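# Architecture and fold: a report
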Amino acid sequence: MAPRTRFAPSPTGFLHVGGVRTALYNWLVARQAQGAFILRIEDTDAARNREEWVEGIFDSMRWIGLDWDELYRQSERGALYVDAAAKLEASGLAYWCDCAREAVDARAAARKGPPGYDGFCRERGLGPGEGRALRFRPPDEGATIVPDVIRGAPSFDHATLDDPVIVRSSGDPMFVLANVVDDLDMRITHVIRGEEHLPTTPKYLLLWDALGGGEHPTFAHVPVLVNEKRQKLSKRRDPVALEQYRDEGYLPEVMLNYLALLGWSSPDGEEKLTVEDMLANFRIEDVGNSPAFFDVAKLRAFNGDAIRALSSDEFIARAAPWLEAPHAPWEPEAFDAVAFARLAPLVQERVFRLAEVTAMVDFVFLEEAPVDEGSWIKAMKPHASALLDAVIAAYEICPWEAEHLKAALIEAGEGLELKLKVAQAPVRVAVTGRTVGPPLFESLEVMGREGVLTRLRDARGRL
RNA sequence: GGUCCCAUCGUCUAGAGGCCUAGGACACCACCCUCUCAAGGUGGCGACACGGGUUCGAAUCCCGUUGGGACUGCCA
C-alpha cells in the first residue's frame, strides 16, 4: 500500500524550522514510494489562528520545495468531528463536564495531588449545555503500547491517563479528537511528528480504536530540535522562522539538506545531499532518537559552500532580489547590472548568505562611500595624506585596468616605504568605506576613474 | 510531583560484540597562500556520562546511578 503521510501545522505563527524538518521526513516517505503527502491545517482553535499565518505556511512550503498532494483545513471539516463525538458519547466513552479550569486546579491543590483533571464529572450524567465540554474516558485498567519505528514500544498505563476534553464548550473540537478523526478519514499510514506528541499517543490510539479505526498507522516520533541550552526550539525565544532564513539569503536546497541531517545521515556518509539523494537513501527508521541542536554556524558553512558551487550566472540570478528594494540601500536607477556582473565572481567567493552581497558592492552604486568609522580610524594613519596625494596623481594618468592600478599603488607606497598591505588600506577605505571587501583593484576598475578620483580627493580633504 | 523519552569530540553524527589506536562534517587553533576579507591547501586539538554486570572480548547487550529533555491546557 502506498504511504499516505501528513504534515499538520497549526497556523499560530511562522513555519518553524523544526516543523519543516518533520514535514521533510513526511514528504520523503511519501515521495519515495509514490505515496501522497498531505498538508493539513490544524486550525480548530479559532482564537489563535490567523489567515496570514496560513498563507505564510504555504509560502514557506513552496519556497523550500515541499509540495503537497492534498490540502485540508480542519475548520472546514467540523461535521466530521461532531459525528465522531456523538459516536463516542453514544457508546459511553465520552461524557459532559462543566468544571472550570479553576475548579479543577483547586481540587488538585486541596488533595495535594498531581495537577490535572480528576474525573469529577464522570458519573454525573450531565447532558450537553452551556459551558459544558465533552471529555473522553480512557479505560482504568490495562496499558497501551505505542509501537514506534524510532523509539521501540513505550508502554503507558491507562491509570496515568486523565480524561481529555475532546469538544470544547464552544462546540469546537480539540486537537486529540480532530487529529485522530482526520488521520482515519484521510487513511494516513505513517504518523511522523515531533516527540512532544508521544505522551498523547495512547489517547490517540484509544480514540482510534473507539472510532473503529482498524489497523494502526506506523508511528515515528522524531526528536525535538533544541537550542544551545538544550531546550526545545521555541518561537518565542529562538530564531526559528523559516522565512527569516529565507530573508537572510540561505538557499532553500541548503536549508533542506541541513535539516535532513539533524537526526539522520546518509548511509554513504555524504553530507552534501540533493533532494534526489535523500529520496534514494532516506529511511524513517534510521532517524536518530536524541535531540539535535540547530547549529546555525554549520548551516552557514554549508550555505557558503553551496553559493560558491553555483555558476556565476546562477549566483547573479539568485542574488538579484537582494540588489533591489527593500534590501538594497541605493537608488534603483543607480544600480548597474553590468558592473555588478563584473564583481559578482569576487563577491561569490566571499559571502555565506545572499543578504551579505549588498554590503559587498554598495560602494559602487551609492553616491558616496558608506564610511565605516572604525575602518576610517584604522586605515587613515599619519602616512595616509602623502599616500593619497601620490595615488591621486598616479591614478589621474594610469591606464584604468586592475593590474596597472595595483602597480601604481605599489609604486606610490614604495615612495613612502609602505608595503602594499599597508598602502592599500587608505585607498580601500576612501573608496569603499570599509577595510574589508572584494579585491581592491578590480573594484576600482569597475568603479571607473572619475568615481575613484572623486572619492580619493574627498577623503584626502577630510584628513 | 507524575508519565514517557534520551545520553559517542564544543556541535551534528558514523558505529548494530572483535574491522575502534573510535571515522567524518561544522566550529576552534597553527602554518601555507595572499592587496583587505574570505575562499583554498596542510597539520592539530577534541568524545564513548558514571558504576555494576553478561562475555574470551562491550561505545555496542542488561541493570542501576547521574544528567538532560518532552508532556502533564476547553494549545497543537
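Turning next to the overall build of chain A. Scanning chain A from terminus to terminus reveals 19 helices and 12 strands. Radius of gyration (C-alpha) of chain A: 31 Å, far over the 23 Å computed for a compact globule of 463 residues. With the C-alpha coordinates aligned to their principal axes, the bounding extent of chain A is approximately 100 × 50 × 40 Å. Burial status across chain A gives 48% buried among its 463 residues.

Let us look at the nonpolar core. Judged by nonpolar contacts, the single largest core of 104 residues is most densely connected at M255, F294, F315, Y395, V427, L444 and L456. Broken down by element, the residue count for this core peaks at 9 residues, all from helix α1 (residues 17–31). Filtering out sequence-adjacent residues up to four positions away, F294 remains in contact with V17, V226, L233, Y245, M255, Y258, L259, L262 and L299.

Packing of helix α16 (residues 402–414) against helix α17 (residues 420–432) leaves a shortest axis separation of 9 Å and a crossing angle of 110 degrees. What the angle tells us is that α16 and α17 run roughly perpendicular. Judged by residue contacts, K406, L409, I410 and G413 of α16 engage L420, A423, Q424 and V427 from α17. Each residue belonging to the contact of α16 with α17 can be placed in one class, and the counts come to 5 nonpolar, 2 polar and 1 charged.

For the rest of this paragraph, the subject is helix α15 (residues 384–397). The α-helix advances 3.6 residues per turn, and as a result positions three or four apart in sequence lie on the same side. Its 14 residues give α15 an end-to-end C-alpha distance of 20 Å, which sits within 8% of 20 Å, the value for a rise of 1.5 Å per residue. Residues of α15 that are buried: A384, L387, L388, V391, I392 and Y395. Considered in projection along α15, the buried side chains sweep an arc of 130 degrees and stay on one side of the axis. On its buried side, α15 packs onto α14 (373–379), α16, α17, α18 (440–447) and α19 (449–461).

Another point: helix α8 (residues 252–261). Among the 10 residues that make up α8, 9 are buried, leaving the element largely enclosed by the rest of the structure. Buried within α8 are the following residues: P252, V254, M255, L256, N257, Y258, L259, A260 and L261. A positive backbone phi angle near 115 degrees is found at G263, which sits one or two residues after α8.

Close to RNA strand B lie 63 residues, the nearest being T44, R48, R151, R230 and E271. Per the 4 Å cut-off to the protein, sugar and phosphate atoms form 71% of the nearby atoms of RNA strand B. In the environment of RNA strand B, a sugar or linking oxygen lies 2.4 Å from a nitrogen or oxygen atom belonging to the side chain of R151. The side chain of E195 places a nitrogen or oxygen atom 3.3 Å from a sugar or linking oxygen of RNA strand B. Elements supplying a minimum of two residues to the surface near RNA strand B: β5 (133–136), β7 (155–157), β12 (292–293), α10 (296–309), α17 and α18. Considering each element in turn, the surface near RNA strand B owes the most residues, 5 residues, to α10. Residues that form the surface near RNA strand B fall into these classes: 26 nonpolar, 16 polar and 21 charged.

Below, the discussion takes up the sheet that holds strand β8 (residues 165–167). Pairing is antiparallel across the open sheet formed by 3 strands, whose spatial order is β4-β5-β8. Single-partner strands in this sheet number two, and they are β4 (94–97) and β8. Each neighbouring strand pair of the sheet contributes to a mean axis angle of 45 degrees, computed without reference to strand direction. Of the strand pairs in this sheet, β5 and β8 are connected by 2 bridges, and their pairing is antiparallel. Along β8, the bridge assignment pairs R135 with V165.

This next bit is on the pattern of salt bridges. Per the counting criterion, the structure on display carries 37 salt bridges. Across the salt bridge formed by D247 and R246, the nearest N and O atoms sit 3.6 Å from each other. One continuous salt-bridge network, built from bridges that share partners, spans R6, R40, E42, R77, D182, D183 and D185.

Turning our eyes to something else, we now look at the domain arrangement of chain A. Along its sequence, chain A is organised into domain 1 (4–72 + 176–224), domain 2 (79–167), domain 3 (242–307), domain 4 (310–365) and domain 5 (373–462). Once you take the C-alpha centre of each, domain 1 and domain 3 turn out to be 21 Å apart. Taken together, the 23 residues of domain 1 in the interface contact 26 residues of domain 3. Around 2200 Å² of area is buried between domain 1 and domain 3 when both sides are counted, 75% of it from carbon and sulfur atoms. By the criterion of area lost to domain 3, the three top residues of domain 1 are V17, Y25 and W63, representing 30% of everything that side buries. Linking domain 1 with domain 3 are 0 salt bridges. At the junction of domain 1 and domain 3, the tally comes to 7 residue pairs in polar contact (both at pLDDT 80 or more). Looking at the side of domain 1 that touches domain 3, the elements with two or more residues in it are α1, α2 (51–64) and β10 (218–222).

Conventions adopted
- Within each chain, residue numbers correspond to sequence positions counted from 1 in written order.
- Working convention: letters from A go to chains and numbers from 1 go to ligands, in the order in which they are written.
- This being a predicted model, a pLDDT of at least 70 is required before a residue's local features are given, and a value of 80 or more before pairs of side-chain atoms are given or counted; all residues contribute to the totals for chains, interfaces and linings.
- Heavy atoms throughout the structure, all of them, feed into the side-chain values; hydrogens and water do not.
- Under the scheme used here, helices are H or I runs from DSSP no shorter than 4 residues and strands are E runs no shorter than 2 residues, and both carry numbers assigned from the N terminus.
- Radius of gyration here uses only the C-alpha atoms, and the compact-globule reference equals 2.2 Å multiplied by the residue count raised to the power 0.38.
- The classification of residues rests on relative accessible area computed with a 1.4 Å probe and restricted to protein chains. Under 20% of the type maximum is buried, over 50% is exposed, and intermediate values are partly exposed.
- Only buried residues count toward a nonpolar core. Its members are Ala, Val, Leu, Ile, Met, Phe, Trp, Tyr and Cys residues joined through side-chain atoms within 4.5 Å.
- Contact definition: two residues touch when any of their heavy atoms are within 4.5 Å.
- Each axis is a line fitted through C-alpha atoms, and for a helix only the stretch in contact is used; angles between axes span 0 to 180 degrees, taken between their N-to-C directions.
- For this classification, under 35 degrees means roughly parallel, over 145 means roughly antiparallel, 65 to 115 means roughly perpendicular, and everything else is oblique.
- Throughout, the ten residues Ala, Val, Leu, Ile, Met, Phe, Trp, Tyr, Cys and Pro are labelled nonpolar, Asp, Glu, Lys and Arg are labelled charged, and all others, Gly among them, are labelled polar.
- To estimate how far a helix should reach, multiply one less than its number of residues by 1.5 Å.
- Regarding the arc, it is the one traced by the directions from the helix axis to the C-beta atoms.
- What makes a residue near a molecule or strand is one non-hydrogen atom of that residue sitting within 4 Å of it.
- Think of a polar contact as two N or O atoms within 3.5 Å of one another; within protein, one of them needs to be a possible hydrogen donor and the other a possible acceptor, and neighboring residues in sequence only count if both atoms come from side chains.
- Note on pairing: DSSP must find at least two bridges between two strands before they are called paired.
- We count a salt bridge whenever a side-chain nitrogen from Lys or Arg sits within 4 Å of a carboxyl oxygen from Asp or Glu.
- Domain delimitation follows an automatic or database domain assignment.
- Defined in terms of a 1.4 Å probe, buried area is the accessible area two parts forfeit on being brought together, summed over both.

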